[in-house]
Amino acid sequence: MSKAPAMPMYWDAYLADTTHLTTEEHGAYMLLLAAMWRRDGAVPDDDKDNARILGLTLAKWRKTKRRFVDTISGFCIEEGRVTQEKLKKTWETTQEKIEKNRRNGSKGGRASYLKNNDLNEAGATNSLKPKPNKPDPKPDPPKEPAGSLEGQFASPAQRRLKKKCPAMPIPQNWVPSEINIGDAKDRHFSIEEIAHEADQFRNHHLAQGSHYENWDAAWRKWLGNARKFSSCGRMVGKTSGAGYGRGSSIASVIARGRAGS
């Protein structure tokens, strides 16, 4: 197992040094960096071993290695090893931190042991000392009453904690409300187009078994897509046979919805 399982990656520096590489060369370079990290910051300058690591032919790797040495900042071959200066320095720094943490952990464990030992030895004496009075715990803050002004100005994170409305399926006899119709008119839909899109919207979500927490928001999104895709062949406003045909008024749509409710 590697002594440093987590490898920091400085993407800004990497991309600045490798914008000239092909996709294949990027893959080879990344695999080589990973192998260096797992082998203490460098790999042996062994072309057969390196080609095997990268899945390249021997000839292909030798050509790629020359390109890396000539064009990538910090990529070098030294003392019979292939390495990258930034990666090698980062690896060494990481090892120093690991060793420092290990020593600190060892000291901390011994200090805790000695402290507990001293307390055990002096237990009889300490038990005779009066225990200081602890202050009473602070009382819990009063709960916020429902509908208070504090609740109205709660932070977004606090509001997200509150229970959300459950997602509901679209009603079988759904028709656009006056608000829905107003949203469509704001987007410059004609009466005939609104009736058509209402048919399409209801039939689509009935067929899909869709569930939404906010069907008004779903309707607005539908209208936006209808306009966006109309230039790609969608016939916005083309009538359907679902009962809101050519010439139907928005008033009749609303009346039908109220009659069915």
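Right above here is the structure, for reference.
In what follows, the accompanying structure is described. (Residues numbered from 1 in each chain as written. Predicted model: local features only at pLDDT ≥ 70, side-chain atom pairs only at ≥ 80, totals over all residues. Heavy atoms only, no water.)

The secondary structure content of the protein chain amounts to 12 helices and 5 strands. Expressed as a percentage of the 261 residues in the protein chain, the buried residues total 29%. Nonlocal contacts in the protein chain, meaning residues at least 24 apart in sequence, comprise 65% of its contacts between residues at least 6 apart. (Helix = DSSP H or I, 4+ residues; strand = E, 2+ residues; numbered from the N terminus. Buried < 20%, exposed > 50% of the residue type's maximum accessible area, 1.4 Å probe, protein only. Contact = heavy atoms within 4.5 Å.)

Let's shift gears to the packing of aromatic side chains. The final tally for this structure, using the stated rule, is 12 aromatic pairs. Taking the centre distance of 5.8 Å and the plane angle of 15° together, the rings of Y14 and Y29 count as stacked. Remark: Y29 occurs in helix α2 (residues 23–38) and Y14 occurs in helix α1 (residues 11–18); sequence separation between them is 15 residues. Across the pair, exposure class does not vary: Y14 and Y29 are buried alike. (Phe/Tyr/Trp six-rings, centres within 6.5 Å; stacked < 30°, edge-to-face > 60°.)

Turning our attention to the environment of L54. Residue placement: L54 occurs in helix α3 (residues 47–54). Remark: the alpha-carbon pair of L54 and G27, spanning 27 residues in sequence, is separated by 8.2 Å. In this view, L54 contacts A28, L31, L32 and W61; residues no more than four positions away in its chain are not counted.

Examined bridge by bridge, strand β1 (residues 42–44) and strand β3 (residues 81–84) share 3 bridges and lie antiparallel to one another. Within β3, the position partnered with P44 by the bridge is R81. As paired elements, strand β2 (residues 75–78) and β3 share 4 bridges and run antiparallel to each other. If you follow I77 over to β3, its bridge partner there is V82. Hairpin connection from β2 to β3: 2 residues lie between these consecutive antiparallel strands, with E79 at a positive phi of about 55°. (Pairing = 2+ DSSP bridges.)

Turning our eyes to something else, we now look at the sheet that holds β3. Read across the open sheet, the 3 strands follow the order β1-β3-β2; overall the sheet is antiparallel. Looking at which strands have only one partner, the edges of the open sheet turn out to be β1 and β2. The average angle at which neighbouring strand axes cross in this sheet is 25°, direction not considered. (Axes fitted to C-alpha atoms, helices over the stretch in contact; angles between N-to-C directions.)

It is the contact of α2 with helix α4 (residues 58–71), at a shortest axis distance of 11 Å, that shows an interaxial angle of 85°. By the criterion of interaxial angle, the relationship of α2 to α4 is roughly perpendicular. Contacts between α2 and α4 involve E24, E25, A28, Y29 and L32 on the former and, on the latter, K60, W61, R67 and F68. (Parallel < 35°, antiparallel > 145°, perpendicular 65-115°, else oblique.)

Attention now moves to α2. In a regular helix each residue adds 1.5 Å, so 16 residues correspond to 22 Å; α2 covers 23 Å between its end C-alpha atoms and thus fits that length. Taken as a whole, α2 has its buried residues at E25, A28, Y29, L32, L33, A35, M36 and W37. Just beyond α2, the residue with positive phi is D40, at close to 65°. (Expected span 1.5 Å × (residues − 1).)

Our next topic: the side chain of R202. On the secondary structure map, R202 appears in helix α10 (residues 191–208). Looking at R202, the relative accessible area reads 8%, which means it is buried. A distance of 3.4 Å separates polar atoms of two side chains, one belonging to R202 and the other to D199. (Polar contact = N/O pair within 3.5 Å; in protein donor to acceptor, adjacent residues only side chain to side chain.)

Moving on to the nonpolar core. What tends to happen in soluble globular proteins is that the nonpolar side chains get buried as a cluster. Among the nonpolar cores identified, the biggest contains 20 residues, and Y29, L32, M36, W61, F68 and F75 are the most heavily contacted of them. Where this core is concerned, the elements lending two or more residues are α2, α3, α4 and α5 (85–121). Per-element accounting of this core gives the leading share, 7 residues, to α2. Apart from the residues within four sequence positions on either side, F75 is in contact with Y29, L32, M36, K65, F68, V69, V82, T83 and Q84. One finds A184, I194, W215 and A226 within the second-largest nonpolar core, a separate group that totals 14 residues. (Core = buried A, V, L, I, M, F, W, Y, C linked by side-chain atoms within 4.5 Å.)

So, on to the layout of surface pockets. By volume, the largest pocket amounts to about 220 Å³. Lining the largest pocket are 16 residues; nearest its centre among them are Y10, L33, Q84, K86 and L87. At 4 residues, the largest contribution of residues to the lining of the largest pocket is made by α1. Here the residues of the lining of the largest pocket sort into 11 nonpolar, 3 polar and 2 charged. (1 Å grid on protein atoms, 1.4 Å probe; cavity = no way out; pocket = protein on both sides within 12 Å on 5 of 7 lines; lining within 4 Å. Points joined across faces, edges and corners; volume = space filled by probe spheres on them. Nonpolar A, V, L, I, M, F, W, Y, C, P; charged D, E, K, R; others polar.)

As a further point, take the pattern of salt bridges. For the structure shown, the criterion picks out 13 salt bridges. Of the charged contacts in the structure, one is a salt bridge between K60 and E24, with a shortest N-O distance of 3.4 Å. A residue pair is termed long-range when its members are at least 10 positions apart, and K60 in helix α4 and E24 in helix α2 qualify at 36 residues. Taking relative accessible area as the criterion, K60 reaches 33% and is therefore assigned partly exposed. Assessed through its relative accessible area of 45%, E24 is described here as partly exposed. Between R52 and D49 there is a salt bridge, with its nearest N and O atoms 2.9 Å apart. Of the two residues, R52 and D49 are both situated in helix α3; the distance of 3 residues between them amounts to about one turn of the helix. In this structure R52 comes out as exposed when scored by relative accessible area, which is 57%. Connected through salt bridges with shared partners, the residues D45, D47, R62 and K65 form a single ionic network. (Salt bridge = Lys/Arg side-chain N within 4 Å of Asp/Glu carboxyl O.)

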